[in-house]
Structure formats: C-alpha cells, structure tokens
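Descriptive analysis of the structure
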Amino acid sequence: MERIEERQGLLSALPVLILLGAIFLAPLLVVAGFAFMPPKVFHLAHLPSFENFRIFFDQGYHAPLLRSLGMAGAATVLLFVLCYPLAYGMAKIFGRFSLAITLAVVATLFVSENIRLFGWVLTLMKGGMLPGHLEAWTGLEMDGLLYNLPIIVLGLTYAYFPFMLFPLVQGISMVPDDLRLAASDLGASRLRIFLEIDLPLAMPGIVVGSLLTFVLAAGAMAESKLLGGQAVIVMADEIETAFTYGQNWPLGSALALILILIVGGLAILALSKIDLDGIMGRRS
Amino acid sequence: MPHKPITRAALLVYGILTLLVLYLPIAAIAFASFSKARYLSFPIERYTSQWYGKALESSTVSDLIVTSFKVAFAVMLVSVVAGFFGALAFARYRWRFRGVFQKFVLLPIFFPQAVLGLALLMWFNAIGVTPTWQTAIAAHLVWIAPIATLVIAIRAYGFDPALEEAARDMGAGYWQILREITLPLLWPGVVSAGLFAFLLSWGNFPLSLFTTGADLTLPEWLYAKMVSGYSPLVPSVGSMTLALSLILLLASAACIRLTGRRRRRANGGEG
C-alpha cells in the first residue's frame, strides 16, 4: 500500500510541479540572471557584473524599499488589531452568521482590486461620496482626503483584509474551548488567557495571516498609484519604472531580486516552521 | 467559555460595521455609474443609465470582455485539472516529499504579483515568445493554480482513504476509482476552485499588466482610464464586471446546493 501511495503522490504532484517550474521557477531564475548583467542590456550573454547593486546603494533605492516595507509593516499590525476581534467572533461566537460574513468577504475578492481602490478614490476625493455629502449637509468646505502616506496604508489595509481575516479565523478555531474554560476556572484573567492560551495556540494562523498581508503589501503597486497619486513612490513603482521608462532590465531585475529575496526569504522561513496539515485539518 | 451577551452584541455590531466599510467603495462605484454629470461630484443631482448604453455600444468594451473571458476560462480549466491532482498529492496521498511539495506549491501565493509578471515578461523574451493574451493565461496560472490546489486540498483533507482502498480491494482500476469515488467526493471543492480561478483571473490586474503585450484585459483598460483622468465609462463598466461576478457567484451557489441535494437523495437522506 505504501509503495502505491508513494508513486501516486509523485504522479499527482507532477502537473502542478511542471506548471510551476515553467512559469514560476524559470522566470525567477531569469530575474536572478539579469540582476548580474551590466546595465541596459537585453540578453543574458554578457559577463556578470555587480554594477546594478552598486547603483542600488548609490542612487538611494533603499528609501523606497524601506518605505514599502514600513507601510507593509504598518498595514500588517493594523490588520491584526482590526481582524482579531472579528476573527474571534467568527471562530467562537457567531455560529451560522460567520458563514454569511465569510461569503460577503470572499465576494469582495472577486471584484478587481483596481475597481475597489477606485471606489475609495470616488469615496474620498474632493467632492467624493464622503466629503461631498458632508459638505452638502454641514455647509463646511471639505478637502479631498487622498494623496498622502496614511491613506495608502489604509488602502493596503483594505485590500488585504481577507488575507489576514481567514487565516486568523482558522488559527483561533484551533484553540480548544476546554483549555480556556479551565484557565478561567483556575482564576486566570482575560488578558492572561489571551496572552498565554489564545495567542500561542492560534500562532500558526497568525503567522500565515501576517506573512501573507506583509509580503503582498510590500510588493503592492496599485494602492500607491491610485490613492497616492504620484506623491509616494514605493518599491514596486521603482521596479516598474526601471523596466518601462528606464528600459534598464538589469537594474529592474536587481531591484526585483532584492525585494524577492526579502519577501521570499520571509515566506520560506515562516512556511518551514508551520504544520500545514494541522492548520488545514487532516484527519487522525 | 461562556460569553456575555454584551460581548456577543458588540462583536456582531463590529462585524456588520466591517462589512459596511468593505462594501463602501463598491457602493460608490455603483452610485457613480448612474450619475448624469460628465464630471462626477457627490451628492449626485441627476441620475441616468446612459453610460451603460454607451459602454454596451462600444466595440472596445466588448473586445475587452471577450479577451478577459477567454483568459479567465482557460485559466479556470488548467488550474482545476492541475489543482485536482495537486490537491491529491497535497492532502490525500502519503508520500516522501509531500511536505516539500506543499510548501513549494504555496510559495507563489506569497510573491508580489507585479514582480512575478515582470519576471514572466523577461522569461517570455528569453525564450522568444511574444506576449499576447495567451501569455497572460500562463501569468495568471502562477498565482491561481496554487490557490485552486489549496481550495481542493481543503476538501481532500476530509476525505476517507478507506473508500478508495475498498474500491481497489474489489478490483477497481486507478481511473475507475478516480472517476467513481475520488472525483464525486471532491466535486464541491472542484466547483469552488473553478469559480475562484475564473473570478480571480477575471479581475486580475497586476499579473496582466506586463504580460498581455498589445492585447488588453478589462482590468488593464479600467486602470488606464482611471489614471488618465475621470471617465464616466469606468464606473459603468466596473459595475458591469461586478454584476457578472455576482451572477456567477449566485449561479454556482445554486449549482452546489442542487447537486448536494440530489446526492443526498441518492444516498437515502445521508450525506
């Protein structure tokens, strides 16, 4: 029986493996290759050079990188605080109503992120849905609320809400009720139950949720373009500019590689620490 | 631990408020699509449905819809097939490299999509493929095939291996087991994965941006219009894609419910 499962496992894995090898691994290798090419070439047939990484440090590309990582970090913390109470309710309290919330949140994912962010533009711009109505009701002159850094963080928080919420729900539902009850009977305060039981036991869900939101937000582009105008430049913008206006594939690749190494490194580290079977609920 | 009614009520109110905020921008788009003014400003003075008519007449818009539909449909087919087998390797069979396989399949989900799109652009260039809407299919699959695998895998975890083993002991072959045991049991997962794949591809922008070449998908066109100043067609076309997502969602919910009921009846009320 084991022999059969060994073979069937490998064979079933093949289609996805081949697919991802061709469209995920190979392209990333090309990026890595181009990152070590001299600037402004379009072929990999050149002698390797570290010129692009020197440009990264000399021309201050670390500023947009840090800005992207900082905004992603802020959005992740904000999302954790916002999602935890709701996730707790969905996992432990709401019962059937949590299915309704799940469906309503998933449904928003199917509307293009662009369109939803543009909806925020229409909501917050001068004369938009919020300022416009407030102005009409109160008679006060209202400015638009767009084009600054906090609004981009809010945009990220909005766009990646489901990616924090669902892993948290999954994580919190792994906390056994008996354990919380026992701790409460023994006189533990709510805060102590939260810190010593809820947090550690829900940690796999917290890790997955935070990781997902952080890496997606760190590489996001649409939020800063639509909500930030041209006021805030993030890492993904710089990468795109290097490729398009700059026509400098090696520089763009080096910038992309740096982002990929940070984000991919985090993802691999976290994925290697968590038990996927446990989170997704394998029997036995 | 028993929760106080006040906690329950507070969390419920919080949940409803959250949903309202999530849908606020979508409501703004829907309202804006009915505004008569050429330059939008709230509160809306006069309503009209003329922009929908204009959008429907436009040949650009219908071309875009056809392109987006072709891409989403192909993405759906490939990711459901790859995801079905991938999910079995992910959750059902115990084999040596399962842990590594699980992590590898999930890895693309954790990568910034715009960067993946650029990487693919360079890869296509390196192997001499000109980007068109067909290459966008490959690009969407990077992100969507792992998600389809994950969605079906969640279903496959709840799967009792004894059913397959019993069929094998009674002499059923691999494909017969697959067709008569495995596929029917995983069917709800397969339907949801297909729906996810189609809709995520239909709305995807960052992966399309660099990989469609001269062709345009609907989200790309909308984006180009958004950054080049206000056009009243953006809210109306946006609302139309929204309506299509909604219809598909409701149709598949009805479909899952119907097949579930038929299966329960066939099993004599259990299911």
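Keep in mind that what you see is a predicted model, and the values were worked out from it rather than measured.

**Observations concerning the overall build of chain A**
Each helix and strand in chain A was counted, giving 15 helices and zero strands. Overall size of chain A, expressed as C-alpha extent along the three principal axes, is 75 × 70 × 35 Å. Counting only residues that meet the buried cut, chain A has 43% of its 284 residues in that class. Sequence separation of at least 24 residues holds for 73% of the intrachain contacts in chain A that already meet a minimum separation of 6.

**Focus on the overall build of chain B**
When its secondary structure is counted, chain B shows 11 helices and zero strands. The principal-axis extent of the C-alpha atoms belonging to chain B is close to 70 × 65 × 35 Å. Of all 271 residues assigned to chain B, the portion counted as buried reaches 45%. Taking as baseline every contact in chain B between residues at least 6 positions apart, the subset at least 24 positions apart corresponds to 76%.

**Overview of the interface of chain A and chain B**
Each partner contributes to the interface: chain A provides 80 residues, whereas chain B provides 73 residues. With 19 residues, the top contributor of residues to the side of chain A that touches chain B is helix α1 (residues 2-35) of chain A. Here the residues of the side of chain A that touches chain B are counted per class, giving 52 nonpolar, 19 polar and nine charged.

**Some points on the confidence of the model for chain A**
Overall, the prediction assigns chain A a mean pLDDT of 83, with 97% of residues at 70 or greater. No element of chain A has a lower mean pLDDT than helix α15 (residues 276-280) of chain A, which averages 73, and none a higher one than helix α3 (residues 62-93) of chain A, which averages 89.

**So, the environment of Val-175 of chain A**
Residue and element names in this part refer to chain A. Note on placement: Val-175 falls in the loop between α8 (161-172) and α9 (177-185). For the pair formed by Val-175 and Tyr-88, sequence separation is 87 residues and the distance between their alpha carbons is 10 Å. When neighbours within four sequence positions are excluded, Val-175 is seen to be in contact with Arg-180, Ile-197, Asp-198, Leu-201 and Ala-202.

**Considering the packing of helix α3 (residues 59-92) of chain B against helix α6 (residues 133-157) of chain B**
All names here are of chain B. Closest axis-to-axis distance for the α3/α6 pair is 6 Å, and the angle between their directions is 40 degrees. On the basis of the axis angle, α3 is oblique to α6. Here the hand of the crossing between α3 and α6 comes out right-handed. Residue composition of the contact of α3 with α6, grouped by class: 22 nonpolar, six polar and two charged.

**Looking at the environment of Val-234 of chain A**
Residue and element names in this part refer to chain A. Structurally, Val-234 is set in the loop between α12 (222-226) and α13 (235-243). The class of Val-234 is buried, set by 26 C-beta atoms lying within 10 Å. For Val-234 and Ile-55, which are 179 residues apart along the polypeptide, the C-alpha to C-alpha distance reads 17 Å. Excluding anything up to four places from it in sequence, Val-234 contacts Pro-64, Arg-67, Ser-68, Met-221 and Ser-224.

**Some remarks on the confidence of the model for chain B**
On average, chain B scores 83 in pLDDT, and the residues at 70 or more come to 91%. Reported confidences for the modelled complex are a pTM of 0.84 and an ipTM of 0.82.

**Section: the packing of helix α11 (residues 203-218) of chain A against helix α14 (residues 249-273) of chain A**
Residues and elements named next belong to chain A. Between α11 and α14, the shortest axis-to-axis distance is 10 Å and the interhelical angle comes to 170 degrees. Classified by the angle their axes make, α11 and α14 are roughly antiparallel. Here Val-207, Leu-211, Val-215 and Ala-218 of α11 lie close against α14, whose contacting residues are Val-263, Leu-266, Ala-267 and Ala-270. Looking at side-chain class alone, the contact of α11 with α14 contains eight nonpolar, no polar and no charged residues.

**Quick word on the environment of Thr-212 of chain B**
Residue and element names in this part refer to chain B. Within the element layout of this structure, Thr-212 appears in the loop between α9 (206-209) and α10 (218-227). Under the C-beta neighbour-count criterion, Thr-212 is labelled buried, with 22 such atoms within 10 Å. Taking C-alpha positions, Thr-212 is 9.8 Å from Gly-117, a pair spaced 95 residues apart along the chain. Dropping the residues within four chain positions of it, Thr-212 is found in contact with Pro-131, Thr-132, Trp-133, Ala-136, Thr-217 and Glu-220.

Reading guide: rules and limits
- Residues numbered from 1 in each chain as written.
- Chains lettered and ligands numbered in written order.
- Predicted model: local features only at pLDDT ≥ 70, side-chain atom pairs only at ≥ 80, totals over all residues.
- Helix = DSSP H or I, 4+ residues; strand = E, 2+ residues; numbered from the N terminus.
- Buried ≥ 20, exposed ≤ 12 C-beta atoms within 10 Å, placed from the backbone.
- Contact = placed C-beta atoms within 7 Å.
- Nonpolar A, V, L, I, M, F, W, Y, C, P; charged D, E, K, R; others polar.
- pLDDT = per-residue confidence, 0-100.
- Axes fitted to C-alpha atoms, helices over the stretch in contact; angles between N-to-C directions.
- Parallel < 35°, antiparallel > 145°, perpendicular 65-115°, else oblique.
- Left-handed = near helix turned anticlockwise from the far one by under 90°.

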